[in-house]
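Read off the chains here:
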Amino acid sequence: MKADVLLGLQWGDEGKGKIVDVIAPKYDIIARFQGGPNAGHTLEFNGLKHVLHLIPSGIFHEHIINIIGNGVVIDPMVFKREILALEKLGVNPRKNLFISKRAHLILPTHRLLDAASEAAKGKEKIGSTLRGIGPAYMDKTGRNGLRIGDIFSPDFKKKYDFLTEKHKQLLALYNFQYDLKEHEPSWFDGIETIKQFKCIESEKYLNDAFAEKKTILAEGAQGSLLDIDFGSYPFVTSSNTVCAGACTGLGIAPNSIGKVIGIFKAYCTRVGSGPFPTELNDATGEALRKAGNEFGSTTGRPRRCGWLDLPALRYAVTISGVTELIMMKADVLSDLDTIKVCTHYNYNGEKIDFLPYDLTAFPLTPLYKDFKGWKTNLQKMSADTIPAALENYIRFIEQEIKVPVSIISVGPDRTQTFDRSGVLV
Ligand code: IMP
């Protein structure tokens, strides 16, 4: 068997949580492979809305094993909070949630360092979610990090103190004020909660699962344009959000990857700083924000909104070898007379159809193609009644990107999801 990978193709918030939840019943195992509590995967069903940050989106399905892979960074405080919230809903995650011993921990001081680093950057700040993601990955690659496996060691507290001491010296350099006592007790409580879960060699578990013909879905977080290597650096997150991240973040081989499912919104959003070629700083952008309820599910920040950007989408599809597309939130565009799609950029006087290395080095203007809006309430749409103007919009994207759009989603609920190619069957 092979693992399918589900990825966001824009700047995150594409709706991965909803889609994982919809396609989850097809899989035996759902595994998160990167990121951490900076993610906010929103699921809506039976009139209930739930946001997951660390826990894979298959947790509401009892028969599915959910794995937090080695590539994820875990804040025990957030973990405990998520577990309690799930238990309140009657979900018992102790049965079907496993954690990789190799996953790294986010310490309270990582969060403080994130805040200190952003404050020091001033206007140049990344716009981080301030969940300690960057500093935790820095300690991972700097070979100083603490891992889930360490929490069972008798020396754990000593290791924690050693690393925290180092962080305190850095915080002093930033001249950053803080009270660690505010955070430490709940962090250590979270560690005790983690100890109640199965902490495993998840790479072995997953490779054994292939041999047992189990089906696996690797669940990405953030989006391809926030990838540490291929995103709009430095305005990116600190992990590989592209398909290759699933191999390193789970310990599965490249030739074990099956379908690569890429999710994009029918328009674009971005939260935090950094270039956004098709951003709309006008009434249309405001209308998209309102209609799409575009506010961060982790931080509540208003998301920047703009038109669909095909050169950026093509880039993301190419880097990850996306085999099928899922288009989200077409309903948000339903009131518009005209919908624009960026097909090329005018970059320093030259017409190009790819994402250049530096979007800000030279003047860049998006070049648009106009589409007639569908002006139809899609709430009552079925797979057989897709409005012709919407079908035309989708076909154009398929032609340009050369990958089929297999699913379209026109609302937050599980039921507002339409299968164009029989993949949900
Ligand atoms: P960090 O990963 O929290 O350090 O944030 C780095 C950048 O990625 C910031 O611009 C964040 O707004 C953005 N970001 C991080 N996680 C997400 C996400 O799940 N959705 C959308 N943007 C995100």
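The structure reproduced in this document is the subject of the present report. (Residues numbered from 1 in each chain as written. Predicted model: local features only at pLDDT ≥ 70, side-chain atom pairs only at ≥ 80, totals over all residues. Heavy atoms only, no water.)

A closer look at the overall build of the protein
Right, so step 1: Per the secondary structure count, the protein includes 11 helices and 20 strands.
Right, so step 2: Structurally, the protein occupies a C-alpha span of about 65 × 50 × 40 Å along its principal axes.
Right, so step 3: The burial tally for the protein puts 57% of its 425 residues in the buried class.
Right, so step 4: In the protein, of all internal contacts separated by at least 6 residues, the share reaching a separation of at least 24 is 75%.
Right, so step 5: For the protein, the centre of its 52 positive side-chain charges and the centre of its 49 negative side-chain charges are spaced 2 Å apart. (Helix = DSSP H or I, 4+ residues; strand = E, 2+ residues; numbered from the N terminus. Buried < 20%, exposed > 50% of the residue type's maximum accessible area, 1.4 Å probe, protein only. Contact = heavy atoms within 4.5 Å. Lys, Arg positive; Asp, Glu negative; His and termini not counted. Charge placed at Lys NZ, Arg CZ, Asp CG, Glu CD.)

Some thoughts on the pattern of salt bridges
Right, so step 1: Tallying each qualifying case throughout the model produces 26 salt bridges.
Right, so step 2: In this structure, K204 and D208 form a salt bridge, with 2.6 Å as the shortest nitrogen-oxygen distance. One end of the pair is K204 and the other is D208, both in helix α7 (residues 202–211) and four residues apart, which spans about a single turn.
Right, so step 3: Its relative accessible area of 31% is what places D208 among the partly exposed residues.
Right, so step 4: Between E286 and R289 there is a salt bridge whose closest N-O contact spans 2.6 Å. (Salt bridge = Lys/Arg side-chain N within 4 Å of Asp/Glu carboxyl O.)

Some details on the site of the ligand
Right, so step 1: Near the ligand there are 16 residues, and of these N38, T129, T237, V271 and R301 occur at the shortest range.
Right, so step 2: S128 has a polar side-chain atom sitting 3.1 Å from an oxygen atom of the ligand.
Right, so step 3: Within the complex, the protein chains bury 96% of what would otherwise be the 470 Å² of accessible surface of the ligand.
Right, so step 4: Looking at the shell around the ligand residue by residue, the classes come out as six nonpolar, eight polar and two charged. (Near = heavy atom within 4 Å. Polar contact = N/O pair within 3.5 Å; in protein donor to acceptor, adjacent residues only side chain to side chain. Areas by Shrake-Rupley, 256 points an atom, 1.4 Å probe, with all protein chains shown as cover. Nonpolar A, V, L, I, M, F, W, Y, C, P; charged D, E, K, R; others polar.)

Thoughts on the sheet that holds strand β5 (residues 65–68)
Right, so step 1: Overall, mixed pairing links the 10 strands, which are arranged β9-β7-β5-β2-β10-β1-β11-β15-β19-β20 in an open sheet. A strand with exactly one partner marks an edge of an open sheet, and here the two such strands are β9 (198–200) and β20 (417–419). Direction aside, neighbouring strands of the sheet carry axes that sit 25 degrees apart on average.
Right, so step 2: Pairing geometry for strand β7 (residues 97–100) and β9, over three bridges, is parallel. Bridge pairing links S100 to I200 in β9.
Right, so step 3: In this fold helix α1 (residues 16–23) packs onto β1 (3–8), β2 (29–32), β10 (216–219), β11 (257–265), β15 (324–328), β19 (405–409) and β20, with an angle of close to 155 degrees to the strand it touches most, β1.
Right, so step 4: On the sheet, helix α11 (residues 388–401) packs against β11, β15 and β19 and is oriented at approximately 145 degrees with respect to β15. (Pairing = 2+ DSSP bridges. Axes fitted to C-alpha atoms, helices over the stretch in contact; angles between N-to-C directions.)

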